[in-house]
Amino acid sequence: MNNRIGRRFEELKAEGSAALITYLMGGDPDFDTSLAIMKALPECGSDVIELGMPFSDPLADGAVIQAAGQRALKGGQTLKRTLQLTREFRQVDDQTPVVLMGYFNPIYSYGVDRFLADARDAGIDGLIIVDLSPEMDQELCIPASRAGIDFIRLATPTTDDARLPKVLENASGFVYYVSMNGITGNALPNPVDIAAAVARIQKSTLLPVCVGFGVKTAEQAHVIGRASDGVVVGTAIVSAIADTLDSTGRVVADPVKAVTNLVTELVCGVRQLDRRGRDVSTAI
Amino acid sequence: MTARPVPNSFRTGADEQGMFGKYGGRFVPETLMPLVLNLERQWREAKGDPAFEAELQQLSTFYVGRPSTLYFADSLTRHLGGAKIYLKREDLNHTGSHKINNCVGQILLAKRMGKTRIIAETGAGQHGVAAATVAAKFGFPCVVYMGITDMERQKPNVARMKLLGADVQAVRSGRSTLKDAMNEALRDWVTNVHDTYYVIGSAAGPHPYPELVRDFQSVIGAEARSQILEREGCLPDVIIAAIGGGSNAIGLFHPFLDDVGVRIIGVEAGGRGLKGVEHCASMSAGRPGVLHGNRTYLLQDDDGQILEGHSISAGLDYPGVGPEHAWLRDSGRVDYVPVFDDEALEAFQLLTRVEGIIPALESAHAIAQAVKIAPSMDANQIIIVNLSGRGDKDVQSVADILNMEI
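In this text, all values refer to a predicted model and were calculated from it rather than measured experimentally. (Residues numbered from 1 in each chain as written. Chains lettered and ligands numbered in written order. Predicted model: local features only at pLDDT ≥ 70, side-chain atom pairs only at ≥ 80, totals over all residues. Heavy atoms only, no water.)

**Looking at the overall build of chain B**
- The number of helices and strands found in chain B is 16 helices and 14 strands.
- Against the globule reference of 22 Å for 406 residues, chain B gives a C-alpha radius of gyration of 19 Å, in line with a compact fold.
- Principal-axis analysis of the C-alpha atoms places the extent of chain B at approximately 55 × 55 × 50 Å.
- Across the 406 residues in chain B, those meeting the buried criterion constitute 65%.
- Taking all contacts inside chain B whose residues are at least 6 apart in sequence as the whole, residues at least 24 apart take part in 74%.
- Counting 40 positive and 48 negative side-chain charges, chain B places the centres of these two groups 2 Å from one another. (Helix = DSSP H or I, 4+ residues; strand = E, 2+ residues; numbered from the N terminus. Rg over C-alpha atoms; globule rule 2.2 N^0.38 Å. Buried < 20%, exposed > 50% of the residue type's maximum accessible area, 1.4 Å probe, protein only. Contact = heavy atoms within 4.5 Å. Lys, Arg positive; Asp, Glu negative; His and termini not counted. Charge placed at Lys NZ, Arg CZ, Asp CG, Glu CD.)

In structure tokens form, the structure reads like this:
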């Protein structure tokens, strides 16, 4: 685990805290604003940054993240510029893991080998590619692992015991448990079921198991953080950004502040602290 | 043909990974993978089950009305003065297009898999109508996703689906056509994977759909092949079909793929010309990429973002194509050519006037290709054109385009 993702999870384990993984769409609403947000995320406590690569046809995303992708594409975001975003982020932060999340076609179009070389060079630590299942591991997963970039696998409620080993086989970095059958931004299902699913996966892997899809509030982050190694928050952050824009996508309030306010709250949830920094892990 | 290595047979795909050469595959979210794998298992079992085959046969004969006729279009032949033109009359099927062939098959699979809810995407509405029809017959609730652009230009089919009891969901993302409808259908499927069967209408999507849809549609080519042998005592010189996703085309082509003397032409929507982005000729002007569960030829920009495209015909208005067509293109077995909006519109009117058959605008693209090549062929040569659907749904749109006073 001698990379940023591995190191970060080891540090958190030593502290006894779950990770807060924050998602933002690269280039939403524009390059400079998303860079400013990205730089602010570690300062307010985000442990891992998931950077969305916009795609014209995001079939696993709900309306909020679809709209963010559209804003980014309209603003001229490309995969090349998303790598550039990371490169500029790395000038101020060499510790926080950055994981790219998105769909395969822009990478395939860029060329897998060229992409992996450029991603490594830019300081990318891992990839979450929604439409690449283990059956397609030759496409990107195996070349990425060979290039030293983690391939973070999604496990879902439909991944049963018979299939789980297949999903974990070439996984690296961490395992991303999708809390529900559905698209990003849907309501969070029963935390008891999520905890059981996480425990089941943890029994089969040494990798950290993080939970995403549906976590929007500090309370939810708190509950899910207790039951897992990390909590992913996406739609809530993207919504907070969208709320600072007018109907044409122009920035009319402070998106950086909107995100840092929300993330500060989420951090308290995940760290099992109340807003004054007191430990509440045993109180709930 | 060029020096490409020629396979022993063009009819063996897909392979175990669901690939036709480098095309196809299963590029779907993990949530869907177990279901897609299960569908493949169930499909293999069903294919070998005489009871399944018998039920499909029964429906095909008495509900769909198969076999469809192979009609010698003597007036069109005389008008063009060249090769004999035969029309495979899929427009005479129940619901008015070839789409029902696939829907009766898939509804039986859905039943077999114990699913209780049907979803479908539709462009021209032909597949939506066919899916809503079998859902009505078998008592399944049915949701059809359709772009609002298409709902506007194919109103009669929207009304038909609603009368059949389907919930027609208007899709407003993108340019609101078939691609966007398919995105929404996939989002629904991911959310309702436990009880929902997704009836894909094109020979596209993740494996096993391209193969499964092809197998259900191959009845078109199998019938046409034996009908022409009986009628003419020989195989045709050319067979032609229009291609959006490519289900009617692969259905006609597949049984003829190993008949080396038969020239096969797939007609893509050339829209307003191939220079800009106002067409849907993904194989003439696109490049390989991954969308909707498979790798195939796609219209895309330099960054791999999918382009919207354009066609006068809603059913061809899709920026990709089924993966088997992509493979057949690269292998050189099938020629894919564009036909432009105005050529299709002319063929639509020509067939209507000289044969008294109003074709769907999709099928009119295939007719237009026959119009182009028939006059330079000999009178003893034979062309079969797949008349994949009837044009009732397009009458209003065409009347508007022609500024017809009604």
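**What about the side chain of E211 of chain B?**
Residue and element names in this part refer to chain B.
- Positionally, E211 belongs in helix α9 (residues 209-217).
- A distance of 3.3 Å separates a polar side-chain atom of E211 from the backbone nitrogen of A14.
- Residues within four places of E211 in sequence aside, it is in contact with G13, A14, W43, R44 and K47. (Polar contact = N/O pair within 3.5 Å; in protein donor to acceptor, adjacent residues only side chain to side chain.)

**A few points about the interface of chain B and chain A**
- Contact with chain B, which involves 36 residues of that partner, is made by 37 residues of chain A.
- Carbon and sulfur atoms supply 52% of the area buried between chain B and chain A, which totals about 2,800 Å² over both sides.
- Counting the surface chain B buries against chain A, the share from its top three residues, E30, R187 and D303 of chain B, is 24%.
- R295 of chain B serves as the salt-bridge partner of E139 of chain A, at 2.6 Å between the closest nitrogen and oxygen.
- Counting across the interface, chain B meets chain A through 19 residue pairs in polar contact (both at pLDDT 80 or more).
- Where the side of chain B that touches chain A is concerned, the elements lending two or more residues are β2 (23-27), α1 (33-47), α8 (178-191), β11 (287-291) and β12 (293-298) of chain B.
- Per-element tally for the side of chain B that touches chain A: the top contributor is α8 of chain B, with seven residues. (Buried area = accessible area lost by both parts, 1.4 Å probe. Salt bridge = Lys/Arg side-chain N within 4 Å of Asp/Glu carboxyl O.)

**Description of the UniProt feature "modified residue: N6-(pyridoxal phosphate)lysine" (unreviewed entry) in chain B**
Residue and element names in this part refer to chain B.
- This chain's UniProt record puts "modified residue: N6-(pyridoxal phosphate)lysine" (unreviewed entry) on K99.
- Within the secondary structure, K99 is located in helix α4 (residues 99-112).
- On the accessibility criterion, K99 (13% relative accessible area) is buried.
- With residues up to four places along the chain from it excluded, the contact list for K99 reads Q126, H127, A130, G201, S202, Q217 and S247. (UniProt positions renumbered as here; feature names shortened; annotations may be inferred.)

**What to know about the sheet that holds strand β6 (residues 142-147) of chain B**
Residue and element names in this part refer to chain B.
- The strand order β7-β6-β5-β8 describes an open sheet built from four strands, whose pairing is parallel. The sheet is open, and its two borders are formed by β7 (167-171) and β8 (196-199), each paired with just one other strand. Strand-to-strand twist across the sheet, computed as the mean angle between neighbouring axes with direction ignored, equals 25°.
- When strand β5 (residues 117-122) meets β8, the two strands line up parallel, connected through four bridges. (Pairing = 2+ DSSP bridges. Axes fitted to C-alpha atoms, helices over the stretch in contact; angles between N-to-C directions.)

**With respect to the sheet that holds β12 of chain B**
Residue and element names in this part refer to chain B.
- The strand order across the open sheet built from four strands is β1-β2-β12-β11, with neighbouring strands paired in antiparallel fashion. Edge strands, defined here as strands with exactly one partner in the open sheet, are β1 (19-20) and β11.
- The pairing of β11 with β12 spans five bridges and is classified as antiparallel. Residue pairing in the sheet places G289 in a bridge with T296 of β12.

**Things to note about the packing of α4 of chain B against helix α5 (residues 126-138) of chain B**
All names here are of chain B.
- Contact geometry for α4 and α5: axes closest at 9 Å, N-to-C directions at 40°. Judged by the angle between their axes, α4 and α5 are oblique. Note that α4 runs across α5; the crossing there is right-handed. Counting all contacts with α4, which are made through K99, I100, N102, C103, V104, I107, L108 and K111, the residues of α5 involved are Q126, H127, A130, A131, T133, V134, A135 and F138.
- Here the residues of the contact of α4 with α5 are counted per class, giving 10 nonpolar, four polar and two charged. (Parallel < 35°, antiparallel > 145°, perpendicular 65-115°, else oblique. Left-handed = near helix turned anticlockwise from the far one by under 90°. Nonpolar A, V, L, I, M, F, W, Y, C, P; charged D, E, K, R; others polar.)

**Quick word on a nonpolar patch on the surface**
Residues and elements named next belong to chain B.
- A cluster of nonpolar side chains, namely I401, L402, M404 and I406, defines an oily patch on the protein surface of about 420 Å² accessible area.
- Among the structural elements, M404 can be located in the segment after α16 (395-401).
- Note on M404: relative accessible area 48%, which makes it partly exposed. (Patch = residues over 30% accessible without salt bridge, like charges linked within 9 Å, V, L, I, M, F, W, Y side chains within 5 Å. Areas by Shrake-Rupley, 256 points an atom, 1.4 Å probe, with all protein chains shown as cover.)

**Focus: the UniProt feature "domain: Tryptophan synthase beta chain-like PALP" (unreviewed entry) in chain B**
- UniProt's feature table lists "domain: Tryptophan synthase beta chain-like PALP" (unreviewed entry) at residues 66-389 of chain B, given in the numbering used throughout.
- With 41% helix and 21% strand, residues 66-389 of chain B has its two end C-alpha atoms placed 14 Å apart.

**Here's the deal with α8 of chain B**
- For α8 of chain B, which comprises 14 residues, the first-to-last C-alpha distance of 20 Å matches the rise-based estimate of 20 Å (1.5 Å per residue) to within 8%.
- Most of α8 of chain B sits out of view: 12 of its 14 residues are buried. (Expected span 1.5 Å × (residues − 1).)

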